[in-house]
Amino acid sequence: MLASALPHLPTFPAASAIPALMPPPPPTLSRSAAATAAAPRRAPVADYALLLLLATLWAASYSFIRIGVATIPPVTLIAARTLIAGGLLALAMRLRGVALPADRRTWAMFAFQALMNSVAPFTLIAWAEQDVEAGLATILNATVPIFAFLLTWLGSRKAAARREAVNGRKLLGVVIGLSGITLVIGVDALSGIGRQTGGQVAIVAASACYAVAAIFGQRFKGLDPMAPAAGSMLCGAAALVPLSLAVDRPWTLNPSAASLAALAGLAVFSTALAFIIYFRLLRSLGSIGITSQSYLRVPIGVLLGAVFLGESLPPTAYAGLVLVVAGVAAMTLPGRGGDAEDRGTIRCSPAAREK
């Protein structure tokens, strides 16, 4: 292999000729010029515009689901979502000249990722939004980083790993975020578990599923970033489409035009296009920069529900929104040390950020 990689070995020059081949020394920079050269390149305005678009697309998914489940059963809606989005992502990979893995082990991992990242949480959220407002779903589903932190800490086998993962700021973020969940679900839950409360708990459970997927998704580091998204979507479709055919018999349904349009928006824009934008921004903004969409997504999701669906949330929900966003910020923002990845914090996989 070495011979094929280096087909021609150059002849070394005489010692006297070496100085002539040496590159000239770099020019001396002034302190101000050196500081400018060492400063990180600022992201172009287009990247921040795409970041805002990404937050809007993922925030809109909750409103799309709310409209879709009005006349399309949850399982069928999510089966169609995963099938369409998975096909579009696979097509995008093909156009990029990137092939999906062919080995069974990787596809088995895709299948588990699909269970935690699409099959279970997508269906739970769709079922819940038959009764839960899109704005409330947005707030409750923003707690994924908190659950990811808790699962990582509780699952750490080594005490040193636990100490590394925990600090006062992150623990405070957990307390604040869980307090926000309590406010959002509200004291009305104490009077009895109703359908609304059950739906809200289902969304919290979906957030925990996304947290598991975020942790498990770190095993795909050696693959093209779009491969786990496309592969898990296709696996999710393979599981949900037969279930939809058996349970809902979609050929007997009569979905409204609004629900069909919401399904198209959910699959094409809030899933496939959102992933493509995410991977584009991941290269330019990095994982920390792109985390900021989480803080944008919550208020945008609540606003979209209020404007397009006429939702009116109680004051406790808005107080919970502030607490959830503050808790997630405390969990995910880098510390003073400037560590690019803020060790101990799980950066959620793209699909775990979107729902």
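Conventions used here
Residues numbered from 1 in each chain as written. Predicted model: local features only at pLDDT ≥ 70, side-chain atom pairs only at ≥ 80, totals over all residues. Heavy atoms only, no water. Core = buried A, V, L, I, M, F, W, Y, C linked by side-chain atoms within 4.5 Å. Buried < 20%, exposed > 50% of the residue type's maximum accessible area, 1.4 Å probe, protein only. Helix = DSSP H or I, 4+ residues; strand = E, 2+ residues; numbered from the N terminus. Contact = heavy atoms within 4.5 Å. Expected span 1.5 Å × (residues − 1). Salt bridge = Lys/Arg side-chain N within 4 Å of Asp/Glu carboxyl O.

A. Region of the structure containing the nonpolar core. Grouped together as the largest cluster of nonpolar side chains are 76 residues, with contacts concentrated most on Leu54, Ile65, Leu77, Leu89, Ile139, Leu140 and Phe275. Among the elements that make up this core, the one with the highest residue count is helix 13 (residues 257-291) (10 residues). When sequence neighbours within four positions are dropped, the list of residues in contact with Leu89 reads Met226, Ala229, Ala230, Met233, Ala272, Phe275 and Ile276. Core analysis: the next-biggest nonpolar cluster, separate from the first, contains five residues, Ala59, Ala60, Ile300 and Leu304 among them.

B. Spatial organisation of helix 5 (residues 74-95). Its 22 residues give helix 5 an end-to-end C-alpha distance of 31 Å, which sits within 8% of 32 Å, the value for a rise of 1.5 Å per residue. One or two steps after helix 5, the chain reaches Gly97, where phi turns positive at roughly 80°.

C. Main features of the environment of Ala264. Mapped onto the fold, Ala264 is located in helix 13. Residue classification places Ala264 among the partly exposed positions, given a relative accessible area of 36%. Ala264 sits 179 residues away from Ala85 along the chain, and the two C-alpha atoms are 9.6 Å apart.

D. Spatial organisation of the pattern of salt bridges. A complete count under the given rule lists two salt bridges for this structure. Here Asp47 ties to Arg280 by a salt bridge, and the two come within 2.9 Å at their closest N and O atoms. Here Asp47, found in helix 4 (residues 45-68), pairs with Arg280, found in helix 13; they are 233 residues apart in sequence, far enough to count as distant. As a salt-bridge pair, Arg96 and Asp224 come within 2.8 Å of each other at their nearest N and O atoms. Of the two residues, Arg96 sits in the loop between helix 5 and helix 6 (104-128) while Asp224 sits in the loop between helix 11 (195-216) and helix 12 (226-247), which places them 128 residues apart along the sequence. For Arg96, a relative accessible area of 43% puts it in the partly exposed group.

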